[in-house]
Amino acid sequence: MANKRKTTSHGEKSSDKRAGKRKDRNRRVGVRIPELGYYLIVTDTQETEKNYFEGLRDSIPSDLKEHLVIKVEKAKTVDLVQKALELIERESQYRIPWIVLDRDQVKDFDKIIQTAEKNSVRVGWSNPCFEIWMYAYFGEMPTIMESYICCERFAEKFEKVTRQKYLKNDKNIYQKLISHGDEEKAIQLAERYLKIYVKNGASKPSEMWPASTVQLLVKEIQGKVKKFHDNITKTESH
């Protein structure tokens, strides 16, 4: 009697299923791990933050893009942490998860940040809105509590500096910020504000405004880009 091949409940032969798994493993073996990291940035907006980080990603020199990967994903605010954890489940040893959100009218703002940190997911938060971080590119982080006022004031500042209208769906927002502003000084300004709040005893992000930790992510990425090119320069000089 001929040997029968065992089938699964869905009609798929078990040997075929095992073969498929072997193929998946083989494909993963051939994947080159980016030595500077694979950043997974999960945001809760379709526009501003997503466009900003995709612009940052696209600004990375072409000779570096296989060494440093940035992937931007979207999720509902309440699902940010869960989405980040799901995305790092495979190859978690080199994927670097971040969530990005602003206070705005977000319920449980502090709790979401705490949950992320407990699960080793880093957070780029802004208070009151993401625009307060972009404001820093122009040398200011004005004291504004309400998100809608912050957005309006930033739009006015943006137009004054760039002579262009500020649009939340502007896919070139990052390029415009680095062209008309100063990213290094923006990082320094945001870090200075954050240190002041911590020094004064503020323990919750919702208590810190204007403030941001987005600069920590930008600084880390740009630091890796600079270090990589500095190493190449040293190698070539020898």
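What follows is about the nonpolar core. By size, the foremost hydrophobic cluster in this structure holds 43 residues, and its most contacted members are Y52, F53, W133 and M134. Looking at this core, the element that brings in the most residues is helix α9 (residues 214-237), giving six residues. Contacts of F53, omitting those with residues within four sequence positions, involve I41, V72, V100, F130, V214 and L217. Membership of the second largest hydrophobic core comes to 24 residues, among which are Y38, A75, L87 and A202.

A few words on the packing of helix α2 (residues 48-59) against helix α7 (residues 173-180). Relative orientation of the contacting elements α2 and α7 amounts to 70 degrees, with a least axis distance of 7 Å. Relative to α7, α2 is oriented roughly perpendicular. When α2 is examined against α7, the residues T48, N51, Y52, G55, L56 and S59 are found in contact with a partner set consisting of I173, Y174 and L177. When the residues that make up the contact of α2 with α7 are grouped by side-chain class, the tally is five nonpolar, four polar and no charged.

Further remarks concern unusual backbone geometry. Cis peptide bonds are those with omega within 30 degrees of zero, and the linkage from N127 to P128 qualifies with 15 degrees. As for its placement among the helices and strands, P128 is situated in the loop between β4 (122-127) and α5 (131-135). In the segment running from W209 into P210, the intervening peptide bond is cis, with an omega of 0 degrees. With respect to the secondary-structure elements, P210 resides in the loop between α8 (183-199) and β5 (211-212). Of note, S120 is a non-glycine position whose phi angle comes to about 60 degrees, a positive value. Positionally, S120 belongs in the loop between α4 (109-118) and β4. Although it is not a glycine, R163 sits at a positive phi angle of roughly 65 degrees. Tracing the chain through its elements places R163 in the loop between α6 (147-162) and α7.

This paragraph deals with α2. Taking 1.5 Å of rise per residue, the twelve residues of α2 would be expected to cover 16 Å, and the 16 Å separating its terminal C-alpha atoms lies within 8% of that figure. Every buried residue belonging to α2 is among T48, E49, N51, Y52, F53, E54, G55 and L56, and all of these are buried.

To continue, consider the sheet that holds strand β2 (residues 69-74). One open sheet holds the five strands; their spatial order is β2-β1-β3-β4-β5, and the pairing between them is mixed. Here the strands that pair on one side only, and so sit at the sheet edges, are β2 and β5. Bridge count between strand β3 (residues 95-102) and β4: five bridges; the pairing is parallel. When the bridges of β4 are listed, I99 appears paired with V123. Across the face of the sheet, α2 comes into contact with β1 (38-43), β2 and β3 while running at roughly 165 degrees to β2. In this fold helix α3 (residues 80-87) packs onto β1, β2 and β3, with an angle of close to 165 degrees to the strand it touches most, β3.

Looking at the chain, the pLDDT average stands at 86 and 84% of residues meet or exceed 70. Low pLDDT, under 50, characterises residues 1-30; the stretch is placed with 13 contacts to residues that sit more than four places away or in other chains.

Here β4 lies mainly inside the structure; five of its six residues are buried. As a crossover connection, the stretch from β3 through α4 into β4 is right-handed.

The rules behind each value
Residues numbered from 1 in each chain as written. Predicted model: local features only at pLDDT ≥ 70, side-chain atom pairs only at ≥ 80, totals over all residues. Heavy atoms only, no water. Core = buried A, V, L, I, M, F, W, Y, C linked by side-chain atoms within 4.5 Å. Buried < 20%, exposed > 50% of the residue type's maximum accessible area, 1.4 Å probe, protein only. Helix = DSSP H or I, 4+ residues; strand = E, 2+ residues; numbered from the N terminus. Contact = heavy atoms within 4.5 Å. Axes fitted to C-alpha atoms, helices over the stretch in contact; angles between N-to-C directions. Parallel < 35°, antiparallel > 145°, perpendicular 65-115°, else oblique. Nonpolar A, V, L, I, M, F, W, Y, C, P; charged D, E, K, R; others polar. Expected span 1.5 Å × (residues − 1). Pairing = 2+ DSSP bridges. pLDDT = per-residue confidence, 0-100. Right-handed = clockwise from strand over helix to strand, strands pointing away.

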